[in-house]
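Architecture and fold: a report
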Amino acid sequence: SHSTNQIIRARLRATQFNGADRWFGLIGRYVDAQNYYYVTLRNSDQISLKKLTNGAVTTLDTAATSPVTTNTWYDLRLDIVGTKLRVYMNGLLTLEATDSSSPHTAGRAGVGAYKTAAEADDFLVVQP
């Protein structure tokens, strides 16, 4: 469903990483394949909040994490309320950004992965 405000949450785990700097995570305000916000949890032990605008990637916030390993469940949550974005990992506020320049004012939500076999559980989208 198309929604302006979204709280997106899922328990995710990678079962296989096909190479270096692979990721799995959440997608918010997905307009089309060129425009959306996304959270990446990477096997380079980083979590990042990014946006894709007309195909161009901008990193809004990033942080180091404890080792990201296969077959470990991670609880990820992406809150998008107005222009505020917040990312929680295992219940802790990890990333924050304000983004008013983006055209992503509404859109769909989902989970995503890059060259990673991943499983999702308890996927939930709330529209506050």
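In this text, all values refer to a predicted model and were calculated from it rather than measured experimentally.

Conventions we followed
Residues numbered from 1 in each chain as written. Predicted model: local features only at pLDDT ≥ 70, side-chain atom pairs only at ≥ 80, totals over all residues. Heavy atoms only, no water. Pairing = 2+ DSSP bridges. Helix = DSSP H or I, 4+ residues; strand = E, 2+ residues; numbered from the N terminus. Phe/Tyr/Trp six-rings, centres within 6.5 Å; stacked < 30°, edge-to-face > 60°. Buried < 20%, exposed > 50% of the residue type's maximum accessible area, 1.4 Å probe, protein only. Lys NZ or Arg CZ within 6 Å of the ring centre and 35° of its normal.

Attention now moves to the pairing of strand S5 (residues 56-64). Pairing analysis gives eight bridges linking strand S4 (residues 46-53) to S5, with the strands arranged antiparallel. Directly across from Thr53, in S5, lies its bridge partner Ala56.

Summed over all chains, the structure comprises five aromatic pairs. A centroid spacing of 6.1 Å and a plane angle of 45 degrees characterise the contact between Phe24 and Tyr74, whose relative ring orientation is tilted. Here Phe24, found in strand S2 (residues 23-32), pairs with Tyr74, found in strand S6 (residues 74-81); they are 50 residues apart in sequence, far enough to count as distant. Accessibility assignment for this pair places Phe24 and Tyr74 in one class, buried. Chaining the aromatic ring pairs together yields one cluster made of Trp23, Tyr30, Tyr36 and Tyr38. Its guanidinium or amino end placed over the ring of Trp73, Arg11 lies 4.5 Å from that ring's centre, counting from NZ or CZ.

Although it is not a glycine, Asp21 sits at a positive phi angle of roughly 55 degrees. Looking at where Asp21 falls in the secondary structure, it is placed in the loop between strand S1 (6-17) and S2. Not every positive phi belongs to a glycine, and Arg29 is a case in point at roughly 45 degrees. Take Arg29: it is sitting in strand S2. For Arg29, a relative accessible area of 3% translates into the label buried.

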